[in-house]
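Each chain is listed here by its residues.
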Amino acid sequence: MFQIAPSILSANFAKLGEEITQVLDAGADIIHFDVMDNHYVPNLTIGPLVCEAIRPLTKAVIDVHLMVEPVDRIIPDFAKAGANIISFHPEASRHIDRTIGLIKEQGCKAGLVFNPATPLSYLDHVLDKLDLVLIMSVNPGFGGQSFIPEALNKLRLARERIDASGRNILLEIDGGVKVDNIAQIARAGADTFVAGSAIFGASKDSDPHRYDSVIAALRAELAKVAP
Ligand code: DX5
Ligand code: ZN
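Residues numbered from 1 in each chain as written. Chains lettered and ligands numbered in written order. Predicted model: local features only at pLDDT ≥ 70, side-chain atom pairs only at ≥ 80, totals over all residues. Heavy atoms only, no water.

S.K.: Help me understand the UniProt feature "active site" (unreviewed entry) in the protein chain, please; the structure alone is not making it clear to me.
M.R.: In the numbering adopted here, UniProt assigns the feature "active site" (unreviewed entry) to Asp 34 and Asp 174. In summary, the annotated positions, though distributed over 141 residues, converge in three dimensions, the widest C-alpha pair being only 10.5 Å. Here Asp 34 is to be found in strand β2 (residues 30-36). Under the relative-accessibility criterion, Asp 34 is labelled buried at 5%. Setting aside anything within four residues of it in sequence, one finds Asp 34 in contact with Ser 7, Leu 9, Thr 45, Ile 46, His 65, Met 67 and Asp 174. (UniProt positions renumbered as here; feature names shortened; annotations may be inferred. Helix = DSSP H or I, 4+ residues; strand = E, 2+ residues; numbered from the N terminus. Buried < 20%, exposed > 50% of the residue type's maximum accessible area, 1.4 Å probe, protein only. Contact = heavy atoms within 4.5 Å.)

S.K.: Where do I start with the site of ligand 1 in this structure?
M.R.: Lining the immediate surroundings of ligand 1 are 20 residues, of which Asp 34, Gly 144, Asp 174, Gly 196 and Ser 197 lie closest. At 2.8 Å from an oxygen atom of ligand 1 is found a main-chain nitrogen or oxygen belonging to Gly 144. Within the complex, the protein chains bury 100% of what would otherwise be the 380 Å² of accessible surface of ligand 1. Contributing elements (two or more residues each) for the shell around ligand 1: β2, β3 (61-67) and β8 (192-195). Looking at the shell around ligand 1 element by element, the count peaks at three residues for β2. (Near = heavy atom within 4 Å. Polar contact = N/O pair within 3.5 Å; in protein donor to acceptor, adjacent residues only side chain to side chain. Areas by Shrake-Rupley, 256 points an atom, 1.4 Å probe, with all protein chains shown as cover.)

S.K.: Is there a simple way to think about the coordination of the zinc ion (ligand 2) in this case?
M.R.: Under ideal tetrahedral coordination, the four donors around a metal are separated by 109.5 degrees; under ideal octahedral coordination, the six donors are separated by 90 or 180 degrees. The coordination sphere of the zinc ion (ligand 2) contains the protein donors His 32 (NE2), Asp 34 (OD), His 65 (ND1) and Asp 174 (OD), at a distance range of 2.0 to 2.3 Å. Every donor residue of the zinc ion (ligand 2) comes from the same chain, spaced as H-x1-D-x30-H-x108-D. (Donors = N, O, S within 2.8 Å, 3.2 Å for Na, K, Ca; no water.)

S.K.: Any chance you could explain the pairing of strand β1 (residues 3-6) here in plain terms?
M.R.: Where a strand is regular, its side chains alternate between the two sheet faces. Judged by which residues are buried, β1 turns out to be covered on both faces: Gln 3 and Ala 5 on one side and Ile 4 and Pro 6 on the other are all buried. The sheet contact formed by β1 and β8 spans four bridges and is parallel. From the neighbouring strand, Gln 3 faces β8, where its bridge partner is Thr 192. (Pairing = 2+ DSSP bridges.)

S.K.: What is the right way to look at the pairing of strand β7 (residues 170-174) in this model?
M.R.: Across the five residues of β7, four count as buried, placing the element largely inside the fold. Here five bridges tie strand β6 (residues 132-136) to β7, and the two strands are oriented parallel to one another. From the neighbouring strand, Leu 132 faces β7, where its bridge partner is Leu 170. Since β6 and β7 lie parallel, the crossover through helix α5 (residues 150-165) that links them has a hand, and here it is right-handed. Note: β7 against β8, three bridges, orientation parallel. Counterpart to Ile 173 in the pairing with β8 is Phe 193. The handedness of the β7 to β8 crossover, carried by helix α6 (residues 182-187), is right-handed. (Right-handed = clockwise from strand over helix to strand, strands pointing away.)

S.K.: Can you walk me through the state of the cysteines in this structure?
M.R.: Working definition: the covalent bond between the sulfur atoms of two cysteines is a disulfide. Counted by the stated rule, this structure contains zero disulfides. There is no disulfide at Cys 51, and the cysteine sulfur nearest it, in Cys 108, is 8.8 Å away. (Disulfide = S-S within 2.5 Å.)

S.K.: Sorry if this is basic, but what is going on with the sheet that holds β7 here?
M.R.: Hydrogen bonds between backbone atoms are what pair the strands of a sheet, whose relative direction is either parallel or antiparallel. Strand order in the open sheet made by the eight strands is β1-β8-β7-β6-β5-β4-β3-β2, with parallel pairing throughout. Each end of this open sheet is capped by a strand with a single partner; those strands are β1 and β2. Taking each pair of neighbouring strands and ignoring which way they run, the sheet shows an average axis angle of 25°. (Axes fitted to C-alpha atoms, helices over the stretch in contact; angles between N-to-C directions.)

S.K.: Help me understand the environment of Gln 184 in this model?
M.R.: Within the secondary structure layout, Gln 184 lies in helix α6. Gln 184 sits 40 residues away from Lys 224 along the chain, and the two C-alpha atoms are 10.0 Å apart.

Structure, rendered in structure tokens:
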């Protein structure tokens, strides 16, 4: 099953609740929640208080992408704030296995995130504990960047590892996903698609249906790919 995960990084923060409701009404599956700390990445975004504030708006999965260092201290706060999936970058944790364990102990699903130059070998001894593998197709920190094509090769390799494991692990792609490349990305093995600027940048007006056409267009492209 293919899932579309709008990144609220590109939403209008002055109307965040409305934006989330509208994007879910338009057919999005998951809310992708980008957490940046101006330390691990050169940008600063939102934290557990915002997660807690949006939690009552929906039963949809909130997929928290931590771009923070260190990671462990903030994990329980996000679990309490209602996160369903918490993902982190291996470079940002001193003890990767312990961080995965901490996320699970808090009742959340655990994901590991791979920057464009981060090798998949980090999966070697922990894949059986993960619920999600997130391949970055841009360097983390900002929305609206261009898709790095090498991510397609990495997706194929990650897909092989996940299939060989026989486990139900989501393979998510994040960065530069658009209507014109989502089918190619799906063919490389992704099943969960983060899209920020492609969705929230689609229109700036206040039409409550303004996200319908872009999400329909993403789905139409995905429909061309055998699941
Ligand atoms: C980048 C974030 C992404 C970003 C994607 O560090 O992790 O989730 O919002 O934005 P687009 O889809 O515009 O590349
Ligand atoms: Zn992200």
